[in-house]
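Each chain is listed here by its residues.
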2 protein chains.
Amino acid sequence: MSKWTLCGSGYDREQTVTDGNRFLCANGYMGLRGVFEEADSTWFPAITLSGVYDQYQDRWREPVNAPHCLYARVLFNGRAMAIGALEPVSHRAGIDYGDGLYHRDTDFGPVAIRSERFVSMAETHLLCDRIELRCAEAGEVTLYTGISTDIWDINGPHLFDFGYQQGEALLVRAVTGEKRITVASAQCIQADFAAEETFEQQDAGLFRVLRCRVRPGDVLCAAIFGAVYTSQDVAHPAEAAQALCRAMKARGFADCLTAHRAAWAEISRCSEVHLEGDDDAALGLHASQYHLNSIAPRHADSLSIPARGLSGQTYKGAIFWDSEIFFFPMFVYTQPEIARSLLRYRIETLPGALKKAAAYGFRGAFYAWESQEGGEEGCTNFNVVDVFTHRPVRTYFRDKQIHISGDIAYALRSYYEITGDRSLLEAGGARVILECARFFISRACCHADRAAVDYADVIGPDEYHERVTNNAFTNRMIRHTMESALLLREIFSDRADWFDGLLRELDYGRDWQLLHDLCGRIAQPVVRNGVIEQFDGYFALEDCPLDTVRSRLCHPREYWGGDHGVAGVTQIIKQADVIAMLALFPEDFPLETIAANWAYYEPRTEHGSSLSACMYALTACRLGRPELAWDLFMRTATIDMKGCGKEWAGEIYIGGTHPASNGGAWMIAALGFAGLRMKNGQPEIHPHLPEQITRLSFPIVAGGRRLRVTVTRDWGVIDSDF
Amino acid sequence: MSKWTLCGSGYDREQTVTDGNRFLCANGYMGLRGVFEEADSTWFPAITLSGVYDQYQDRWREPVNAPHCLYARVLFNGRAMAIGALEPVSHRAGIDYGDGLYHRDTDFGPVAIRSERFVSMAETHLLCDRIELRCAEAGEVTLYTGISTDIWDINGPHLFDFGYQQGEALLVRAVTGEKRITVASAQCIQADFAAEETFEQQDAGLFRVLRCRVRPGDVLCAAIFGAVYTSQDVAHPAEAAQALCRAMKARGFADCLTAHRAAWAEISRCSEVHLEGDDDAALGLHASQYHLNSIAPRHADSLSIPARGLSGQTYKGAIFWDSEIFFFPMFVYTQPEIARSLLRYRIETLPGALKKAAAYGFRGAFYAWESQEGGEEGCTNFNVVDVFTHRPVRTYFRDKQIHISGDIAYALRSYYEITGDRSLLEAGGARVILECARFFISRACCHADRAAVDYADVIGPDEYHERVTNNAFTNRMIRHTMESALLLREIFSDRADWFDGLLRELDYGRDWQLLHDLCGRIAQPVVRNGVIEQFDGYFALEDCPLDTVRSRLCHPREYWGGDHGVAGVTQIIKQADVIAMLALFPEDFPLETIAANWAYYEPRTEHGSSLSACMYALTACRLGRPELAWDLFMRTATIDMKGCGKEWAGEIYIGGTHPASNGGAWMIAALGFAGLRMKNGQPEIHPHLPEQITRLSFPIVAGGRRLRVTVTRDWGVIDSDF
């Protein structure tokens, strides 16, 4: 066990669901939930695929879970040695956040099962499991392995027309209902013991059954090689999956593991933050980086990361603003090719955003609030189920959260500013910024009798308050988008012909004038005693403590937001909103203003989103008050280690990992405690170490150079990194 | 009993509450609920005052109920002869819709109580009751009469600092909590029998106790004279009340009744619609006219009528758009001085409307959705209580129902067109229209990149759909307001200096240009297959039958509207909306369009408001399909006779009379069946009698002339009226 190992010993259903998230193995292509091998679908096991979506009937579109090719179950004398069927003598499971190895060790008495497995960071389509059976009694051991089709789906089923193939490489192939995407899972096994081999094909899958007699003290060991391909990857996914399994079996488990570890080592070298002074914090930060790195789309050059990563189908596997605001910073500073992939996904899905804007009667690009493949909007009009009536509740995330287009423009501009590389702007990024700005031109509410331009009927980051006017964050983001659009001419001043051609191609002549006209007229927020009003009328809402609001709940899973929710009619907010604006635009206001807003909004924030604590921590550091950031940092960094995130919204399961917190932990450490920022194309640090941290050291890439930031209590430096 | 008498024999609490409404006696100054004399506050008796409001703590402001000066209770040998205390042998109560006489006849065995009472239409502050006790056994009869302070309040108490005075004229005086308005009730009695008289002053009021011995067959008779004054009426309300009682006692019950009846006869002469062919319809229409006439503010020249009349404190006793759109037509055509009073109330409350607009950040006049004295907004942000959580629900009637300002401008213009009298426009009406138009200039959402002017985030007549954009009714009403403002220059073409002076005084120069500019650019509704879309996106809502929507209710008193309600997310609407627009602007569209919209919207309308059926009936008549209007007419005309209106919205009692239906019944008869309308300053009729009606005849005043409209199945005529 390395110092980065996290273990758990619970095995009831609730704990297993949580462990499924915190012990997740993933490689950007797929995520294997951290659930023991013998689990059926009631325990929420899954191999969730990135970028493969399906809709069943009129239910929510969500990512597809592949047939489970690392399934395994042990019998002793015909009796299941399986959690759920037999109370174990002891059980432990866990993950090594250093190399992404999941392990479990369960003693059932006659047989103890020990295994370790990983989703290969070296081979995109590969999953491996090495299972070891220690026998304490004489008898017959049966090892069922194979490909389970007993799939946990939230809004499924998604797979139909199953085909099966026995042989050295077992195969289960199926197609999705909506788009007829073929999904193929294959499996090979390399056992170190002699056994009678038979095959069983059932409703629940295709299995290989190995039977043998054992004596006390016998240890049976088998390596299982799973592979998953879809027709989005290759023309013949079944053949590809079988071929990969066979090849990896030939290569052997140890070699596969070595290659996997080497890949992780390279990732760590590029991105790992070394934190000294507090072991819990170091582990949490490491775990956060593990989770975010494990789901980065390294295999694709245009793919983004779902809000719950690859930990399942929660939030429809969709891409939210989390990608640009919370995942993007770590990647752009450590592995810019991944940041590029996230942004290319937005560039390629521009047609979907144009379509969405048009559907609402606007021009330009209105990006999906929950974006799936092609930029199609995955967010429905009903995202909450009322706990009292069990009826879906109309929510307005899809219609009104217009800041999403601004967030994307913000990340595109940041990419340019941090990397110094304008190629992404040339390759579609400029077009996206211009179309987002055009959407905001079109969405503006002007007045016949006054200059101010309002953005009415929006939702800001704080989703509890729906349909507000002039949300400060949103308006600021819109102004930034318009300014960024106007800045493009300067960025491309040496390529004026190209840029003018782009404007012509986009028929942007009049809009360019409108940008100049509107940009300076966007409504400014009300400021009262230094406190920025979150939106028009916010200060007039009931101002009462969070506990009072909580005490009004009539049901523990009630939704807090909207006109019916306990928070919606008060000043209690779900997450950082004004503070998020101050974190993203720290130069806008003097420190006193940031301090006044921190003091006002923090007690009024439920932090009911993983997007919240990070923003408060960043602004606290900006204020030179890292002690205020410490608890928020710990909460952010350990959320997936502890598995303490929110699991329900109304009657809808929303559990999973929290990549935004994972990214937020890096942001607090690097941008907050070390105070990293770009100034005129150069990185700077403004360290504010909390007393718990004695040293912080991490690699970055800025302006194309590999650098290392090191901060101690006494000094800080940005060096070349070797 | 006249042919206009309505009787009931129920006396349980629920029936009594309903009877309190349908047997209401009123005279515009006050309403006395139709509940028997001995009722304590748990039976919802009340003398509700018009235009006197009070707020207790932070509860809803509502009209004040006066101490009950017609209270009476009978004992026989010390035993209460009272409903609730003793099961009567027989009971009947009722009202004569011809002269507004309430009567009750209850036989308790030893004593039978028979009474008749009225709220004087001749003496504004007077109430009279004549009570007759028929004794069947020998024993002691006690008659408690006096002034009860056991007042039914919904959001009270409102009266404090009670003062009492015994004597010939009993007096109870109190002051309201908020504005310290003195309310005084006095009472005299004229008994025709000898009795021992004592006084009792208790928490529940001040009483005169008459005791006497009776023999079987004895009949005791007493006339009770009550009077109510407030310090809004006179400087010394207590003295005034006592003086009136004494004077009326001196005059005697019979004379008071004669004067009262004469006043009612004059009202009938001015307004009564004679309907032949269907007695139920005739009675219903008569009842409707009784109810609306009984609450008309004849005593005041600037007062309007609450949405539930004077039947209690429901709807905060506030003035809604009902006044201009549903009460106004009957009055302007029959008793224009009352129509003038309704509109003067709006003229005088302009400052409140200016203040409300300013509070929302707009210019011009945004009239209160629920207007109380001074035009103060009575509507709160929370108008519904959720039946599941018992928490108030944020509703947007106050903020978003902007058509109210247009409705007022509509009535002001109608007043001019029907009466030919522009003096009301000169006396403030023009100013109101201009300020309403200015509000709509200020509320317009223009666009940087297109000409259309949107009115976003509004609520139309159909309150189930909150916060919609471009509600067709609202946009049409706004255009009408702007056109009416522009028309003022023509109306006052011979007084150009005066009108220009008004514009200068209002600093209207730029706004006048903006009216021209905006008026023609207001977004037009989408029309699909001839059907006008109620608001942007309405057609995209779930389209399912009313019964399906009803079947989704989880609680019988659930509120249907808003994002949580069963209707809000579907095409089911509360009340006429597009159809209301077509009823008010029948010339806008060809008959095919009206027909298509009628066919589309009627099945999708819950008619959950008394403002609905009338609009459907009017448009059906316009289509020459009076048979479609018949059921709607009967429902409208009999709603208060049958007492079948909605009594609850969520957990809030909303019962009472339905003046809008009362007015609607007249509108259907006169404007629908007879097809009365003004054309170039002249009345015209376009009769469409349903088969049930053989003859319809009614007086009107148009262009200052008294006329009579008579329509039969064969002919119709407008004659001079004598």
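Residues numbered from 1 in each chain as written. Chains lettered and ligands numbered in written order. Predicted model: local features only at pLDDT ≥ 70, side-chain atom pairs only at ≥ 80, totals over all residues. Heavy atoms only, no water.

Caption draft 1: Up close: the pairing of strand β17 (residues 205-214) of chain B. Residues and elements named next belong to chain B. Most of β17 is tucked away, with 8 of its 10 residues classed as buried. Pairing geometry for strand β12 (residues 139-148) and β17, over 10 bridges, is antiparallel. Its bridge partner being in β17, Val141 is matched across the sheet by Cys212. Note that strand β16 (residues 196-202) and β17 share 7 bridges and pair antiparallel. Of the residues in β17, the one forming a bridge with Gln201 is Leu206. In textbook terms, the turn of a hairpin is the stretch between consecutive antiparallel strands, and for β16 and β17 this stretch comprises 2 residues. (Buried < 20%, exposed > 50% of the residue type's maximum accessible area, 1.4 Å probe, protein only. Helix = DSSP H or I, 4+ residues; strand = E, 2+ residues; numbered from the N terminus. Pairing = 2+ DSSP bridges.)

Caption draft 2: View of helix α16 (residues 591-601) of chain B. All names here are of chain B. Buried residues of α16: Thr593, Ile594, Asn597, Trp598, Tyr600 and Tyr601, and no others. The arc that holds every buried residue of α16, seen down its axis, measures 170°, which confines them to one face. Facing away from the buried surface of α16 by more than 90 degrees, the exposed residues are Glu592 and Ala599. Those residues of α16 that are buried lie in contact with β22 (527-528), β23 (531-532), α15 (578-584), α17 (613-622) and α18 (626-642). (Arc of directions from axis to C-beta. Contact = heavy atoms within 4.5 Å.)

Caption draft 3: Representation of the relation of the copies chain B and chain A in the model. Note on the identical chains: chain B maps onto chain A by a rotation of 180° and an axial translation of 0.0 Å, with an RMSD of 0.1 Å. The transformation relating the two chain copies, once decomposed into turn and shift, fits a two-fold axis. (Least-squares fit on C-alpha atoms with pLDDT ≥ 70 in both.)

Caption draft 4: Structural context of the packing of helix α11 (residues 472-491) of chain B against helix α12 (residues 496-505) of chain B. Residue and element names in this part refer to chain B. Look at α11 against α12: their axes get within 9 Å of each other, and the N-to-C directions meet at 140°. Each of Ala485, Leu488 and Arg489 in α11 lies in contact with α12, whose residues at this interface are Phe499, Asp500 and Leu503. The residue makeup of the contact of α11 with α12, split by class, is 4 nonpolar, no polar and 2 charged. (Axes fitted to C-alpha atoms, helices over the stretch in contact; angles between N-to-C directions. Nonpolar A, V, L, I, M, F, W, Y, C, P; charged D, E, K, R; others polar.)

Caption draft 5: Spotlight on unusual backbone geometry. Across the junction of Gly156 of chain A and Pro157 of chain A, the peptide omega takes the value 5°, indicating a cis bond. By the secondary structure assignment, Pro157 of chain A is in the loop between β12 (139-148) and β13 (159-165). At Asn529 of chain A, a residue that is not glycine, the phi angle is positive and equals roughly 50°. Mapped onto the secondary structure, Asn529 of chain A falls in the loop between β22 (527-528) and β23 (531-532). For Asn529 of chain A, a relative accessible area of 72% gives the class exposed. The phi torsion at Asp507 of chain B lies on the positive side, around 55°, for a residue other than glycine.

Caption draft 6: Fine view of the pattern of salt bridges. Residue and element names in this part refer to chain B. This model, assessed by the stated rule, comprises 91 salt bridges over all chains. With a shortest N-O distance of 2.7 Å, Asp19 and Arg22 are connected by a salt bridge. With Asp19 and Arg22 both in helix α1 (residues 13-22) and 3 residues apart, the pair spans about one turn of that helix. With respect to class, Asp19 is no different from Arg22; both count as buried. Asp588 serves as the salt-bridge partner of Arg476, at 2.4 Å between the closest nitrogen and oxygen. Of the two residues, Arg476 sits in helix α11 while Asp588 sits in the loop between α15 and α16, which places them 112 residues apart along the sequence. (Salt bridge = Lys/Arg side-chain N within 4 Å of Asp/Glu carboxyl O.)

Caption draft 7: Local environment of the pairing of strand β6 (residues 68-76) of chain A. All names here are of chain A. Taking burial as the measure, the 9 residues of β6 include 8 buried ones, the bulk of the element. Bridge count between β6 and β12: 7 bridges; the pairing is antiparallel. Within β12, the position partnered with Phe76 by the bridge is Val141. As defined by bridge partners, β6 adjoins strand β7 (residues 79-81) across 3 bridges and the pair is classed as antiparallel. Bridge assignment links Leu75 to a residue of β7, and that residue is Ala80. Connecting β6 to the next strand, β7, in antiparallel fashion are 2 residues, including Asn77 with a positive phi near 50°.

Caption draft 8: Here's a closer look at the packing of aromatic side chains. Following the criterion strictly, the structure yields 75 aromatic pairs over all chains and no others. Seen in terms of ring centroids, Phe366 of chain A and Phe439 of chain A are 4.6 Å apart; in terms of plane orientation they differ by 15°. Their pairing is stacked. Taken as a pair, Phe366 of chain A in the loop between α7 (350-359) and β20 (382-385) and Phe439 of chain A in helix α10 (residues 423-443) lie far apart in primary sequence, 73 residues in all. Of the two residues, Phe366 of chain A and Phe439 of chain A, both sit in the buried class. Their ring planes at 70° and their centres at 5.7 Å tell us that Phe499 of chain B and Trp512 of chain B sit as a pair that is edge-to-face. In this pair, Phe499 of chain B sits in helix α12 while Trp512 of chain B sits in helix α13 (residues 509-519), placing the two residues 13 residues apart along the sequence. The exposure class of Phe499 of chain B is buried, given its relative accessible area of 1%. (Phe/Tyr/Trp six-rings, centres within 6.5 Å; stacked < 30°, edge-to-face > 60°.)

Caption draft 9: Structural detail: the interface of chain B and chain A. At the interface, 34 residues of chain B touch 34 residues of chain A. For the pair chain B and chain A, the summed buried area comes to about 2900 Å², and 49% of that belongs to carbon and sulfur atoms. Put simply, chain B and chain A have 4 salt bridges between them. A salt bridge links Glu558 of chain B to Arg391 of chain A, with the shortest nitrogen-to-oxygen separation between them at 2.5 Å. Scanning the region where chain B abuts chain A turns up 23 residue pairs in polar contact (both at pLDDT 80 or more). Mapped by element, the contributors of at least two residues to the side of chain B that touches chain A are β21 (392-394), α10 (423-443) and α13 of chain B. The element best represented in the side of chain B that touches chain A is α13 of chain B, accounting for 3 residues. (Buried area = accessible area lost by both parts, 1.4 Å probe. Polar contact = N/O pair within 3.5 Å; in protein donor to acceptor, adjacent residues only side chain to side chain.)

Caption draft 10: Representation of the nonpolar core. In this structure, Phe633 of chain A together with Phe633 of chain B are the most contacted members of the largest nonpolar core, which totals 440 residues. Sequence-distant contacts of Phe633 of chain B, defined by excluding residues within four places in its chain, comprise Leu275, Ala281, Leu285, Ala665, Ile668, Ala669 and Phe673 of chain B. (Core = buried A, V, L, I, M, F, W, Y, C linked by side-chain atoms within 4.5 Å.)

Caption draft 11: Summary view of the environment of Arg308 of chain B. All names here are of chain B. Inspection of the secondary structure assignment puts Arg308 in the loop between α4 (279-294) and α5 (322-334). Assessed through its relative accessible area of 5%, Arg308 is described here as buried. Put simply, Arg308 and Tyr144 are 164 residues apart on the chain and 31 Å apart in space, counted from C-alpha to C-alpha. For Arg308, the contacting residues outside a window of four places in its chain are Thr314, Tyr315, Ser610, Lys646, Ile654, Gly655, Gly656, Thr657, His658 and Pro659.

Caption draft 12: How the structure looks around the side chain of Arg208 of chain A. Residue and element names in this part refer to chain A. Among the structural elements, Arg208 can be located in strand β17 (residues 205-214). At 3.3 Å, the side chain of Arg208 forms a polar contact with the backbone oxygen of Gly167. Engagement of the side chain of Arg208 in a polar contact is seen with the backbone oxygen of Glu168, the distance being 2.8 Å.

Caption draft 13: Just the sheet that holds strand β2 (residues 25-26) of chain A, in detail. Residues and elements named next belong to chain A. The 4 strands lie next to each other as β2-β3-β4-β5, forming an open sheet whose pairing is antiparallel. In this open sheet, the two strands that pair with only one neighbour each are β2 and β5 (62-65). Pairing of strand β3 (residues 30-32) with strand β4 (residues 47-54) involves 3 bridges; the strand directions are antiparallel. In the strand pairing of β4, Met30 is matched with Leu49.

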